[in-house]
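Descriptive analysis of the structure
The residues making up each chain are set out below.
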Amino acid sequence: MIIYALLALCAGLLVGLSRQINGRLALSTSAMESSFWNHLVGFLFISLIALLAGGLFASNPGQSPWWAYLGGPIGVIFIAAGSWLIPRIGAARTAIMIIAGQMTSGVVLDILRGASGDTAARVIGVLLILAGVWIAQSKPKQGVSRTKKTTNLDP
Amino acid sequence: MTDRSTPPNLPHLLAAFGTGALLTLMVLCNGTLAAHGSLLFASWVPHLTGSAVALALLFLLRPKRTQQKRPPIWAYLGGVSGGVTVMLTSATMNTALALSGTIALGLAGQVIFSLFADIRGLFGLPRQMPALREYISLALILAGSLILIFFGGSA
């Protein structure tokens, strides 16, 4: 069990790693070019895994609705946006704001699709997230960060 | 390379929040593909269509390269990290962790990596020290996300 928990944690680390690497590529090229390479290299890698492991066309992939194929184009914008943002606002702010947006919009989507869920938990969860976003965007008081830097006691 | 946290920029933060909403749509699309086909297929297809769309956008928009100097070769490997992520999550989703545990640990992994990446300036991106307000914002957003994942029924 603990090994699977570590694997799930690693998956999260790798999401951050990928965003950091793509951000570095965008720094030398452009956000869209970094998104292109991310998709192409990812495609080649997954193709290789599929060749080795098989099962790419298992089940009935042809039965998916047409809009399910829009994940790729959306992903292009998603990766480009992340690569553009990370050198500008930092990795932590990028990650946490994306998480905030994903979670909040996930609740909206669930409600639109009529998915069952606990209303109280949804309200509390979204309010906590919005409070976090509010604090992230509030301007720090002038000079605060500077005084913090100089409070180191001199010998 | 700043040592201090850069001041928050509201348009950038909102853009990151919106990027998170894109992720919800992407998960909906790719999840629908996975429901009809295999998880490998649901990752392979968006990488294929994404490569094509990104290439078309590169030709249409012709974004300027920000630097003449070539980026290091590892900067092109962000897509591999993304591919491994798919494999890890597909392994952990079917254990006792389920989807909610996989998502929750994945969020934790992302946050840990991004904080470390900012503090050390990993992979040639600007180094910055997250301020106290960022840790508070991060704690609120994570708390809200965990409530949504485990009690909101959105997973």
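Owing to the predicted nature of the structure, the values given are computational and were not obtained by experimental measurement. (Residues numbered from 1 in each chain as written. Chains lettered and ligands numbered in written order. Predicted model: local features only at pLDDT ≥ 70, side-chain atom pairs only at ≥ 80, totals over all residues. Heavy atoms only, no water.)

**Side note on the overall build of chain B**
Helices and strands together make up the secondary structure of chain B, namely five helices and zero strands. Expressed as a percentage of its 155 residues, the buried residues of chain B come to 45%. For chain B, the proportion of contacts with a sequence separation of at least 24, taken over those separated by at least 6, is 51%. (Helix = DSSP H or I, 4+ residues; strand = E, 2+ residues; numbered from the N terminus. Buried < 20%, exposed > 50% of the residue type's maximum accessible area, 1.4 Å probe, protein only. Contact = heavy atoms within 4.5 Å.)

**Some words on the UniProt feature "transmembrane region" (unreviewed entry) in chain B**
Residue and element names in this part refer to chain B. Feature annotation in UniProt assigns "transmembrane region" (unreviewed entry) to the following positions: residues 12-35, 41-61, 73-91, 97-123 and 135-153. Note that residues 41-61 is 100% helix and 0% strand, and that its end C-alpha atoms are spaced 30 Å apart. Summarising residues 135-153: 89% helix, 0% strand, and an end-to-end C-alpha distance of 27 Å. (UniProt positions renumbered as here; feature names shortened; annotations may be inferred.)

**A closer look at the packing of aromatic side chains**
Applying the stated criterion across every chain, the model contains four aromatic pairs over all chains. Aromatic side chains A:Phe43 and B:Trp44 sit 5.5 Å apart centroid to centroid with 35° between the ring planes, which places their arrangement in the tilted category. Highlighted residues: A:Phe43 in helix H2 (residues 31-53) and B:Trp44 in helix H2 (residues 39-61), drawn from two different chains. B:Trp44 shares its class with A:Phe43; the two are buried. Taken together, the ring pairs connect A:Phe36, A:Trp37 and B:Tyr76 into an aromatic cluster. (Phe/Tyr/Trp six-rings, centres within 6.5 Å; stacked < 30°, edge-to-face > 60°.)

**Digging into the packing of helix H1 (residues 2-28) of chain A against helix H4 (residues 98-120) of chain B**
Relative to each other, H1(A) and H4(B) sit at 45°, their axes nearing to 7 Å. Comparing their axes, H4(B) and H1(A) come out oblique. The way H1(A) lies across H4(B) gives a crossing that is right-handed. Side by side, H1(A) and H4(B) meet where A:Ala5, A:Ala8, A:Leu9, A:Gly12, A:Leu13, A:Val15, A:Gly16, A:Leu17, A:Arg19 and A:Gln20 of the first sit next to B:Thr102, B:Leu105, B:Gly106, B:Ala108, B:Gly109, B:Gln110, B:Ile112, B:Phe113 and B:Ala117 of the second. (Axes fitted to C-alpha atoms, helices over the stretch in contact; angles between N-to-C directions. Parallel < 35°, antiparallel > 145°, perpendicular 65-115°, else oblique. Left-handed = near helix turned anticlockwise from the far one by under 90°.)

**A word on the domain arrangement of chain A**
All names here are of chain A. Structurally, chain A comprises domain 1 (11-51 + 73-89) and domain 2 (90-138). The distance between the C-alpha centroids of domain 1 and domain 2 comes to 24 Å. Carbon and sulfur atoms supply 64% of the area that domain 1 and domain 2 bury against each other, a total of about 570 Å² over both sides. Counting the surface domain 1 buries against domain 2, the share from its top three residues, Arg 19, Ile 86 and Ile 89, is 74%. Across the contact surface, domain 1 and domain 2 share zero salt bridges. Put simply, domain 1 and domain 2 have two residue pairs in polar contact (both at pLDDT 80 or more) between them. Counting residues per element, the ones that place at least two in the side of domain 1 that touches domain 2 are H1 and helix H3 (71-89). By residue number, the principal contributor to the side of domain 1 that touches domain 2 is H3, which donates six residues. (Domains from an automatic or database assignment. Buried area = accessible area lost by both parts, 1.4 Å probe. Salt bridge = Lys/Arg side-chain N within 4 Å of Asp/Glu carboxyl O. Polar contact = N/O pair within 3.5 Å; in protein donor to acceptor, adjacent residues only side chain to side chain.)

**Comments concerning the pattern of salt bridges**
One pass over the full model with this rule turns up two salt bridges over all chains. Of the charged contacts in the structure, one is a salt bridge between B:Arg65 and A:Glu33, with a shortest N-O distance of 2.6 Å. In this pair, B:Arg65 sits in the loop between H2 and helix H3 (78-92) while A:Glu33 sits in helix H2, so the two residues belong to two different chains. Using a relative accessible area of 12% as the deciding quantity, one classes A:Glu33 as buried. For A:Arg93, the salt bridge goes to B:Glu134, with nearest N and O atoms at 3.0 Å.

**Let's talk about empty space enclosed by the protein**
Counted according to the given criterion, the structure contains two cavities of 30 Å³ or more. Along its surface, the largest cavity is lined by A:Ala92, A:Arg93, A:Ile96, A:Met97, A:Ala136, B:Leu115, B:Pro130, B:Glu134, B:Tyr135, B:Ser137 and B:Leu138. Around the second largest cavity sit A:Gly16, A:Arg19, A:Gln20, A:Ile86, A:Ala91, A:Ala95, B:Gln110, B:Phe113 and B:Ser114, which together line it. Where the lining of the second largest cavity is concerned, the elements lending two or more residues are H1 and helix H4 (91-112) of chain A together with H4 of chain B. In terms of residue class, the lining of the second largest cavity is made up of four nonpolar, four polar and one charged. (1 Å grid on protein atoms, 1.4 Å probe; cavity = no way out; pocket = protein on both sides within 12 Å on 5 of 7 lines; lining within 4 Å. Points joined across faces, edges and corners; volume = space filled by probe spheres on them. Nonpolar A, V, L, I, M, F, W, Y, C, P; charged D, E, K, R; others polar.)

**Regarding the domain arrangement of chain B**
According to the domain assignment, chain B contains domain 1 (9-64) and domain 2 (79-155). The C-alpha centroid of domain 2 of chain B is placed 19 Å from the C-alpha centroid of domain 1 of chain B.

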